[in-house]
Structures are given as structure tokens and as C-alpha cells.
Amino acid sequence: MFLLRQVLFAGSLLGSLALIGCAGDGDGIQSQKMAAIKARGSLICGVDGKIPGFSFVSSDGSYSGLDVDICKATAAAVLSDPAKVTYRDLSSTERFAALSSGEVDLLSRNTTMTLSRDAAGGNALAFAPTTFFDGQAVMVPASSGIQSLKQVAGKPICVETGTSTELNLADRMRELSAAYTPLKFQSGDQTFAAYLQGRCVAVTSDRSQLAAKRTGFPNPAEHLLLPDMLSKEPLNPATINADPAWADAVRWVVYSLIQAEELGVTAANIDAKVADAKANKNLAQLRRFFGVDGDLGKQLGLPADFVVRSVKAVGNYGEVFERNVGTGSPLKLERGFNQQWRQGGLMYSPPFL
Amino acid sequence: MTSRPESPPWWRNRRYLPWLVQGVGALLIGVVVAFLLTNLLLNLTARGLLLSWSWLGQPAGFDLAETVLPFDASLPYWQAMLAGLVNTLRVVIAGLVGATLLGTLIGTASFSSNGLLRRLARIYVEVIRNIPLLLQLIFWYFVVFLSLPNGRDALQLPGIVLAKSGLFLGSPALIDGVWQAPLRFTVEFGALLTGLVVYTAAFIAEVVRGGIASVPNGQWEAATSLGLSPLLTLRRIVLPQALRVIVPGLNSQYISLAKNSSLAVACGFTDLYSVAETTLNQTGRAIEVMLILLGSYLVIDLVISALMNALNGLVQLRER
């Protein structure tokens, strides 16, 4: 009896330990991620959810914005349905852990590409092409009379913690040898609330974010963006390094939207263009692009016509930009760097060959 | 013809068996734990997440709003974390003192002969302890402290200025629209401290009330019949007996206060958690930063616990 108790005790201990022991190990050659997404029937996309124009939940619970459109285009390419996306709202500190732990398949959340985030020895992310070229800026109340960053010296500035913003601000203020007080908040909402309450004379974030948040202020016209650009902030969707096949697929979905704009393909005319390409053997470039000829889609593990599906779902890059953040939207942002390369911008897709 | 009782074979010997079974059990557990740890290390290495601490010596590159020790962006990460830890300790120690004073006051008030005071104490406890602390902190910071007037309109007394940016002591001066003074407490510190004190005091008041209630009524009556004043009765007769019940309860309230101080991020105070968050994001060393955080709060709470246990030993009844 005594012996039995001892054995049972040891056994149950071992049993419970063995349960914790089931650890998976990582990577294969084919995209496990894409297989998992197809099996699940839904793409889990990490977004911010609180930035108008980029990712914003409307009162009926639906998501919209530039970042959200990247999720939709990817879902359209992989699952043939832009609606098959499960959105996860992530804070700036949660986002990388959520991505590397596999909680989200794709991170499309105003994420600046940096060396340490990309490097295998850093956050080990795989970045898709830039969807928005941004830069850190500073906003002040118009009544403060502040015209340049140097005049902010000695005063408190509101910053969101856990972003590259903090580092850029510290770097620039050191260059200007200007003392300042960084007041840090965990969420963007708190940061802007403290600014509106007058705790800080300035608030700093990406120019696009400042413009977006300003639309929600009681009186947007009372706040000015200073001309200083504190940093380069290329905002890129990201996946994990461990699954290069999945990273490639996402990369080329983004390029397809940029290339579609260059080729003049829009959500409205894509059916006609596809019909043209199918009828005319001389339109070689379009035929490859739409997957009529060749196996570009298959090489990525995507359907042959993934470009058609993505562009049909959200339109080309220009359409996505105009609808969400362009001059026609509440954000009223110019294309600027985000113009096509032929128009002097930085949007440039490598060839679909 | 006496036969010595034969000793049983070893597999039925009650002297060795337990040791044997425990030994085998311990060995097996050791093997499994070793397997799990190796597995963890292998997987962490495969993902490039192996623990490394060299980043602690690299320059932090970010600034901190308020520090006791001098700090700037060129100093290493470990000094930034240390500055955060000092700020956490500052608010925890001030909070412990404040919450104990306020809590004891409210706890004893619920035994007052004044009905109004008694009811107010009950209302305070019931309202405060039933509202989440995070909401209270946001209320104190955004609604109360950030509604203070700023700049020239700040509340001014000789040598003291209370403005939106903080409490300034010792000949404050308004330089370029910003108050400056030798001694200052920011509103972030103020809001966090107020929130923690008000919240924890409600729980401490209940502990104190329970402790006083545990002293039999006869003790009050006996003291009164000896002609002791109510205050003297409380101090010399009731509290020494009540403390035995109060101290263990206080211990867990103190520990909660220390842990709750990590909610400082809600009101912009530069505590250990806030610095750790920035560090984590800049270095990407999530596991190491989390280990430092876990370790720091564990040590703070163990120290509080040890001190309170020592105090408990002092107030316990010494039987002769």
C-alpha cells in the first residue's frame, strides 16, 4: 500500500511534467503558414485598429484603412475571399511577440522597417515592401506660437512608449542639444489625451498618425504639424523570417498592387483588361501579370490569377491610397513619396517575370 | 529454539524501500526537467532567442522624464532600468506610508461614536474598493491632475506652486513658460501615488476594522471603567491586541500595492515597467527584460514580506 502510494505520486508528477514537454520545432521548406491559413480558412491579420485611414474599426465593427486593405488583398490572393480575415488589434509592444509566436499570420500595423527588427539576431521579421513612406513629425497647438523643434526645448513632449519614435526624438534633441521631458504613455489614445489636456506642449509620432488623430480632435484647425522631419519611417507589412515562402507570397501581393497602378489596371477595369490579355497574345507583360501565361502564382504557392483576385478586392495601390488617406479622405494627405516612380515617387515594383 | 525473526528481503524492507522509491522518482524528475530545459534551450537557440545580457551595457538612447539619479540617453540600459526601479521604489515607499496612515484613520473612524463619520468611512470603503484601480488612476490623472491650471495661472503660495506640470517646492520660478524649482513632484507621480494610496487605504481600513473588532468588547468596557479616555483606550488597550490580527492582513495589502505600482504606464509615470517596455522594444530581448521585471517585483515583494513577518513576530503575544 505504502509502495503503491509512492509510485503513484512519482508517476503523477512525471505525467504532469510530460504534458508540458510537447514542444514544437519550427521550420520546413514549404510554407507551413500558408497551409495553416488554408486549413483554417481565414487569415489572421494584426492591425492597430485605432488609426483612421490605416486601420480603424467603425461603429458596426468592420475594419477599414490602408493597412486593412493589405490584409484583404492577401486574403483574396490566398483564400480567394477578401472577407476571410480575422483582425487582431495589437498594441505597439504586443505586435512582435504576437507575430513571432504565430498568433497572427501577418502584421499590417504601421510598422517601421529597421535593421534590428529585420535581422535574424534581432526581432527576425521578414518585411514586405513599404506600403507607406512616412516620417516622424511633431504637432503643436497653433496658439503656442512654436515654429520649429528647437523652440520645444525645455518643455514636455508626449510620446508613445515602445516605438522607434522615442529613440528618434532623443537623437534629434541631442543633435539640437535641447533638453526636454519625454512623457511616455502606453497607448496612442492616452498620449493624445494628455496632449489635448495641455500636459505637453507638443506630441510626436509619424506624420500620417498625427494627421489621422487630428481628424478626431474637437478642433483640428487649432493644431499644426511642424516642418521638421525627425526620421525616415517606411511602414511595411511584416511576417516572420522562419517562413520565407510565406514572406515571398505577401511581398508579391503588395508588389502586385503597385504594379497594377503602374500598368493602369484598376478594380473597375480589371475584368476588361484580363479579357483583352486573354484575347491578344501580344500583351505578353499583362498575360504574365494576370497569370494567363507562365506559372508566377504557382511559384509563390498562390493561385495563378492571384493578382486579379487582389486587385479586384481592394483596387490598385493608388486607389487604396486615395480611398483611405488621400486628398479625398478626411486625412487629406498628398501622395508625396508614395507616388509612382514614374511620377517622381518611391513606389516601384520589380518586374513580374 | 528461538529463531531470530528473519529480516525481509530488500524489496520489502521498510527501511530502504522509501529511500529507493524516492531516489528513483527524483532521478526521473531530474531527467525530465533536464530534457525540458535542453529542449527549451535548443528551441530558443534555433530561433535566435538565446539569453544574452550584453545589451545591458549598451547606451539606452532614450530619455526619461523624471529620475532621482542623473540620467541621459548616452548611459547604458542597466542604468535606465535602475532609474526606473528607483522611481518604482519611491512611489511604493511613499504609497505604503500614505495608505497605512489613511487606512488606519478610516478603519478606526468606522468605530467612531459619530454616526456621520462612521457612515462616511463605510461609503469610502465600499465605493473605492469596488472600482478597478486602473480606472481610478486614469481618473486621477486625466480628470483631476491634468485639470490643474498651467503656467502663470498655477496655484501659488509663498514657496509652493501647484501647476499642471507638478508640485514645485522651494522658491519656484516661471522660466520661459515652464515652472522650475529645486524640489519638484510631477503630476504623473502625484496621480499614481494618490491612486495607489486611496485604493489601498480602502483595503487597509477593512483590515484595521477587522483587527479592532476582534478585540472583545469587555476590554473597552474595562478600560472605560478604569477611567481611561477613548483615545488612550485605543492606543494602550485595543491597538496592541488588534495589531496581532492586523499585521498579517497588512502584509498582503502592502504586496498588492507594490505590484499595482506597475500600472504607472496608465498615467505616464516613468516606473520600472515603463522603462522595461521601451527597452524591450528597442533591444527585442523580450525574455531577458521580462526576467528582470519578474525578478525585480519578486524581490521587492519578498523584502516587504520579510519585514512584515519580522514585525509580526514583534507584535505576537509572548506567552510566559
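All values reported here derive from a predicted model rather than from experimental measurement.

Notes on the overall build of chain A
Alright, step 1. Along the backbone of chain A there are 14 helices and 15 strands.
Alright, step 2. Dimensions of chain A, computed from the C-alpha atoms along their principal axes, are close to 80 × 75 × 40 Å.
Alright, step 3. For chain A, buried positions account for 52% of its 353 residues.
Alright, step 4. Long-range pairs, those at least 24 residues apart, make up 71% of the contacts in chain A between residues at least 6 apart in sequence.
Alright, step 5. Counting every atom, chain A has about 15,000 Å² of accessible surface; 56% of that belongs to carbon and sulfur.
Alright, step 6. Distance from the positive charge centre (34 side chains) to the negative charge centre (34 side chains) of chain A: 0 Å.

A look at the sheet that holds strand β12 (residues 202–206) of chain A
Residues and elements named next belong to chain A.
Alright, step 1. Across the sheet, which stays open at both edges, the five strands sit in the order β11-β10-β12-β9-β13 with mixed pairing between neighbours. In the strand order of this sheet, the two ends are held by β11 (181–185) and β13 (223–225), each with one partner. Averaged over all neighbouring strand pairs, the angle between strand axes comes to 30 degrees, with direction disregarded.
Alright, step 2. Helix-sheet contacts for helix α8 (residues 207–214) involve β9 (136–141), β12 and β13, and the interaxial angle to β12 is about 120 degrees.

Some remarks on α8(A)
Alright, step 1. Of all eight residues making up α8(A), six are buried, and the element is well covered by its neighbours.
Alright, step 2. All of the buried residues in α8(A) are Ser208(A), Gln209(A), Leu210(A), Ala211(A), Ala212(A) and Lys213(A).

What to know about the state of the cysteines
All names here are of chain A.
Alright, step 1. Counted by the stated rule, this structure contains two disulfides over all chains.
Alright, step 2. Across the disulfide from Cys45 sits Cys71; the S-S distance is 2.0 Å. Its torsion about the S-S bond being -70 degrees, the disulfide of Cys45 and Cys71 is classed as left-handed. One end of the pair, Cys45, is in strand β1 (residues 43–47); the other, Cys71, is in helix α3 (residues 66–79), with 26 residues separating them in the sequence.

Description of the side chain of Asn338(A)
Residues and elements named next belong to chain A.
Alright, step 1. Counting through the fold element by element, Asn338 comes out in the segment after α14 (317–324).
Alright, step 2. Judged by relative accessible area, which is 3%, Asn338 ranks as buried.
Alright, step 3. Engagement of the side chain of Asn338 in a polar contact is seen with the backbone nitrogen of Phe133, the distance being 2.6 Å.
Alright, step 4. Ignoring sequence-local partners within four residues, the contact set of Asn338 consists of Phe132, Phe133, Tyr317, Phe321 and Met347.

Focus: the nonpolar core
Alright, step 1. Judged by nonpolar contacts, the single largest core of 58 residues is most densely connected at Val91(B), Tyr141(B), Leu192(B) and Ile304(B).
Alright, step 2. For this core, the elements supplying multiple residues, two or more each, are β9, β11 and α7 (188–196) of chain A together with α2 (77–109), α4 (133–144), α5 (187–213), α7 (230–260) and α9 (286–315) of chain B.
Alright, step 3. Here this core takes 14 residues from α5(B), the largest share from any one element.
Alright, step 4. In contact with Tyr141(B), not counting residues within four places along its chain, are Phe185(A), Ala194(A), Arg199(A), Leu146(B), Val187(B), Glu188(B), Ala191(B) and Cys267(B).
Alright, step 5. Core analysis: the second largest hydrophobic core is formed by 57 residues, Ala212(A), Leu286(A), Leu300(A) and Tyr317(A) among them.

Focus: the domain arrangement of chain A
All names here are of chain A.
Alright, step 1. The domain architecture assigned to chain A consists of domain 1 (32–133) and domain 2 (136–231).
Alright, step 2. With centres defined by C-alpha atoms, the gap from domain 1 to domain 2 works out at 26 Å.
Alright, step 3. On the domain 2 side, the residues contacting the 10 residues of domain 1 number 12 residues.
Alright, step 4. Scanning the region where domain 1 abuts domain 2 turns up zero salt bridges.
Alright, step 5. Connecting domain 1 to domain 2 are one residue pair in polar contact (both at pLDDT 80 or more).
Alright, step 6. Its residues assigned to classes, the side of domain 1 that touches domain 2 comprises four nonpolar, three polar and three charged.

What about a nonpolar patch on the surface?
Residue and element names in this part refer to chain B.
Alright, step 1. A cluster of nonpolar side chains, Leu116, Leu120, Ile123, Val127, Ile131 and Leu135, forms an exposed patch at the surface whose accessible area comes to about 560 Å².
Alright, step 2. The dominant element in the nonpolar patch, judged by the number of residues it contributes, is helix α3 (residues 115–129), at four residues.
Alright, step 3. By the element assignment, Val127 lies in helix α3.

Considerations on the packing of α2(B) against α7(B)
Geometry of a packed helix pair, given as the angle between the helix axes and the separation of the axes.
All names here are of chain B.
Alright, step 1. The geometry of α2 relative to α7 is characterised by a closest axis approach of 11 Å and an angle of 135 degrees between their N-to-C directions. Judged by the angle between their axes, α2 and α7 are oblique. As for how α2 packs across α7, the hand of that crossing is right-handed. Touching Val92, Gly95, Leu96, Ala99, Thr100 and Thr108 of α2 are Leu234, Tyr254, Leu257 and Ala258, all from α7.

Thoughts on the sheet that holds strand β4 (residues 63–64) of chain A
All names here are of chain A.
Alright, step 1. Across the sheet, which stays open at both edges, the three strands sit in the order β2-β3-β4 with antiparallel pairing between neighbours. Of all strands in the sheet, those with a lone pairing partner are β2 (50–51) and β4, marking the two edges.
Alright, step 2. Where strand β3 (residues 55–57) meets β4, two bridges bridge the pair, whose relative direction is antiparallel. Within β4, the position partnered with Val57 by the bridge is Tyr63.

Digging into the interface of chain A and chain B
Alright, step 1. Across the boundary between the two partners, chain A contributes 45 residues, which contact 49 residues of chain B.
Alright, step 2. Note on chain A versus chain B: buried area summed over both sides is about 3,600 Å², and carbon and sulfur give 56% of it.
Alright, step 3. For the pair chain A and chain B, the number of links is one salt bridge.
Alright, step 4. Notably, a salt bridge pairs Arg199(A) with Glu188(B), separated by 2.7 Å at the nearest N-O pair.

Regarding the side chain of Asp69(A)
Alright, step 1. Considering the arrangement of structural elements, one finds Asp69(A) in helix α3.
Alright, step 2. In this structure Asp69(A) touches Val314(A), Val320(A), Arg323(A) and Asn324(A), once residues within four positions along its chain are discounted.

Some thoughts on the packing of aromatic side chains
Alright, step 1. Summed over all chains, the structure comprises 20 aromatic pairs over all chains.
Alright, step 2. Each ring, one from Trp55(B) and one from Tyr77(B), has its centre 6.0 Å from the other, and the planes form 70 degrees; the classification is edge-to-face. On the criterion of sequence distance, the pair formed by Trp55(B) in the loop between α1 (17–46) and α2 and Tyr77(B) in helix α2 is long-range, its members being 22 residues apart. Each member of the pair Trp55(B) and Tyr77(B) is classed as buried.
Alright, step 3. Through a chain of ring-to-ring contacts, three or more aromatic side chains come together here, namely Trp252(A), Tyr255(A), Phe289(A), Phe290(A) and Phe352(A).

Things to note about the pairing of strand β3 (residues 166–169) of chain B
Residues and elements named next belong to chain B.
Alright, step 1. Of the pairings in the sheet, the one linking strand β2 (residues 160–163) to β3 comprises four bridges and is antiparallel in character. Bridging across to β3, Ala163 finds its partner in Gly166.
Alright, step 2. Counting the residues between successive antiparallel strands, the hairpin from β2 to β3 contains two residues.
Alright, step 3. Pairing analysis gives four bridges linking β3 to strand β6 (residues 183–186), with the strands arranged antiparallel.

Scoring rules and cut-offs
Residues numbered from 1 in each chain as written. Chains lettered and ligands numbered in written order. Predicted model: local features only at pLDDT ≥ 70, side-chain atom pairs only at ≥ 80, totals over all residues. Heavy atoms only, no water. Helix = DSSP H or I, 4+ residues; strand = E, 2+ residues; numbered from the N terminus. Buried < 20%, exposed > 50% of the residue type's maximum accessible area, 1.4 Å probe, protein only. Contact = heavy atoms within 4.5 Å. Areas by Shrake-Rupley, 256 points an atom, 1.4 Å probe, with all protein chains shown as cover. Lys, Arg positive; Asp, Glu negative; His and termini not counted. Charge placed at Lys NZ, Arg CZ, Asp CG, Glu CD. Pairing = 2+ DSSP bridges. Axes fitted to C-alpha atoms, helices over the stretch in contact; angles between N-to-C directions. Disulfide = S-S within 2.5 Å. Polar contact = N/O pair within 3.5 Å; in protein donor to acceptor, adjacent residues only side chain to side chain. Core = buried A, V, L, I, M, F, W, Y, C linked by side-chain atoms within 4.5 Å. Domains from an automatic or database assignment. Salt bridge = Lys/Arg side-chain N within 4 Å of Asp/Glu carboxyl O. Nonpolar A, V, L, I, M, F, W, Y, C, P; charged D, E, K, R; others polar. Patch = residues over 30% accessible without salt bridge, like charges linked within 9 Å, V, L, I, M, F, W, Y side chains within 5 Å. Parallel < 35°, antiparallel > 145°, perpendicular 65-115°, else oblique. Left-handed = near helix turned anticlockwise from the far one by under 90°. Buried area = accessible area lost by both parts, 1.4 Å probe. Phe/Tyr/Trp six-rings, centres within 6.5 Å; stacked < 30°, edge-to-face > 60°.

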